Amino acid sequence: MRLFGMPVEKGRWLLIPLGATVLLCLGTVYSWSIFRKPLEKLLNINATESLLPFTVLLIMFAVLMPITGFYINRFGSRMITAVGGVIMGLGYILSSLDGNLQLLTFTYGAIAGAGVGIVYGVPLAVIAKWFPDKKGLAVGLTVIGFGLSPLITAPLAKSLIDSYGVRQTFVILGITFTLIILAIATVLKTPPPDWKPAGWNPNVAVSGSTSLTNSETILQTPAFYGLWLCYTIGTFSGLAAIGISSPLAQEIIKLDATTAASTVSLFAVFNALGRLFFGWFTDRFSPKLAAIVSFTLVLIASLMMLKAGQGTVATYLVAFALFYFSFGGWLAIAPTTTLILFSAADYAKNYGLVFTAYGAGALGGTLLAGRIRDIFGSYTIFFYPTTALAILGIVLSVFMLKRSFSSSAISQAN
């Protein structure tokens, strides 16, 4: 068996950068803070309103992703990737229409968000099946694309907006992303059901495990709810930080717009590194310990930002690097934990259910951040709830994730 003209054990590694490239296109959502100020001026809207398209996109993303997981085997990874890529690109292109906030929320939030949700889980499901022997590493390397996206797309979007305006920028990005995703979709395929890497012999506990695979059974376990709650808290602070990083830097730290956009690109590196580090860390140690480390970083970052003010550039850079690093970590902790706890054969379905936590965190974090800014005139107050939630997350990690591991689950982790 050969893949990309090479022995399959080598050829499968090419699927990782291809999958990461697809996720890089989807991850432009993390550059939304670059669009906010221009859109606030263009549409005459406030901070809460400029976060609305971003929030709706994240919710659509979280809703469609689990639904897609149930149809990958029926329609195939290539077809779903292609359809989702076209829908996402169409959403971007339609966002260029001369309209109001409601139209933008529908085109960018609902349509583009649906496309992101349809595509996102497919590369991860494909990679998970090709790498049963290196689950955490392979998934972590793939999701780097989503987190690393702002490193490329934030300065690109800023340059395009300066040159062509925000509406034309949507058109350029939509066409470009559609073409890239369609091209990669042609080579995304899963291995045969009985395939395994040469020389890899899973122990009896794994191959004969009674690991839980169907959604009804998963929803009856403490493992699911412990992971879901922790994932919600992790995305609550992380997605809010992503949505407010650029305007916060301009309003509180007093950085200019160009410098603020540059910091978003810098933070993207930490987002990507968080996925790689925590993917490895969760595999090497345990989901519980990975969650505790992540929430501890959020706690430190929140306390730092409560002291931030004009000119405290170092405080802002370190704190938001920690926010992005921790958030990126959850995009590796959650899927890796899902692979550890449940059967990889049903990974797309299982992680789809877990991923609904992403939508809950997105809705709560982004709306609260914008609302606090409009009520109190500053984003600083937002870091009180993130402090409290980080402490709650540590407690949940210690108790609920610890209780989640049945003997069969532990045998899979080893």
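Residues numbered from 1 in each chain as written. Predicted model: local features only at pLDDT ≥ 70, side-chain atom pairs only at ≥ 80, totals over all residues. Heavy atoms only, no water.

**Q** Account for the domain arrangement of the chain, with residues named and values stated.
**A** Splitting the chain by domain gives domain 1 (1–192) and domain 2 (218–403). Carbon and sulfur atoms supply 72% of the area that domain 1 and domain 2 bury against each other, a total of about 3800 Å² over both sides. Connecting domain 1 to domain 2 are 1 salt bridge. E251 is paired through a salt bridge with K37; the nearest N and O atoms lie 3.1 Å apart. Broken down by secondary-structure element, the contributors of at least two residues to the side of domain 1 that touches domain 2 are α3 (32–43), α4 (47–50), α5 (52–69), α8 (101–130) and α9 (135–164). For the side of domain 1 that touches domain 2, the element with the highest residue contribution is α9, accounting for 16 residues. Residues of the side of domain 1 that touches domain 2, tallied by class, amount to 28 nonpolar, 8 polar and 5 charged. (Domains from an automatic or database assignment. Buried area = accessible area lost by both parts, 1.4 Å probe. Salt bridge = Lys/Arg side-chain N within 4 Å of Asp/Glu carboxyl O. Helix = DSSP H or I, 4+ residues; strand = E, 2+ residues; numbered from the N terminus. Nonpolar A, V, L, I, M, F, W, Y, C, P; charged D, E, K, R; others polar.)

**Q** Give me the pattern of salt bridges: which residues, what numbers.
**A** A full pass over the atoms with the stated rule returns 7 salt bridges. Its salt-bridge partner being R36, residue E40 comes within 3.7 Å of it at the nearest N-O pair. Here E40 and its partner R36 are both found in helix α3, 4 residues apart, which amounts to about one turn of the helix. A salt bridge links K134 to D133; its shortest N-O distance comes to 3.3 Å.

**Q** An account of unusual backbone geometry is needed here, citing residue identities and associated values.
**A** Here the phi dihedral of N44 falls at roughly 55 degrees; this positive angle occurs in a residue that is not glycine. Summarising the element assignment, N44 is placed in the loop between α3 and α4. In this structure N44 comes out as exposed when scored by relative accessible area, which is 69%. One non-glycine residue, K254, lies in the positive phi region at around 70 degrees. Counting through the fold element by element, K254 comes out in the loop between α13 (222–253) and α14 (257–284). (Buried < 20%, exposed > 50% of the residue type's maximum accessible area, 1.4 Å probe, protein only.)

**Q** Give me the lowdown on the packing of aromatic side chains, citing residues and values where you can.
**A** Tallying each qualifying case throughout the model produces 44 aromatic pairs. Seen in terms of ring centroids, Y316 and F320 are 5.0 Å apart; in terms of plane orientation they differ by 45 degrees. Their pairing is tilted. Taken together, the positions of Y316 and F320, both in helix α16 (residues 313–341) and 4 residues apart, correspond to about one turn of that helix. Judged on exposure class, the residue Y316 and its partner F320 are both buried. (Phe/Tyr/Trp six-rings, centres within 6.5 Å; stacked < 30°, edge-to-face > 60°.)

**Q** Residues and numbers for the packing of α8 against α9, please.
**A** At their nearest, the axes of α8 and α9 sit 9 Å apart, and the two run at 155 degrees to each other. Regarding the angle of α8 to α9, the classification is roughly antiparallel. Handedness of the crossing formed by α8 with α9: right-handed. Facing α8, whose interface residues are Y120, P123, L124 and I127, α9 presents A138, V139, T142, V143 and F146. For the contact of α8 with α9, the per-class residue count stands at 8 nonpolar, 1 polar and no charged. (Axes fitted to C-alpha atoms, helices over the stretch in contact; angles between N-to-C directions. Parallel < 35°, antiparallel > 145°, perpendicular 65-115°, else oblique. Left-handed = near helix turned anticlockwise from the far one by under 90°. Contact = heavy atoms within 4.5 Å.)

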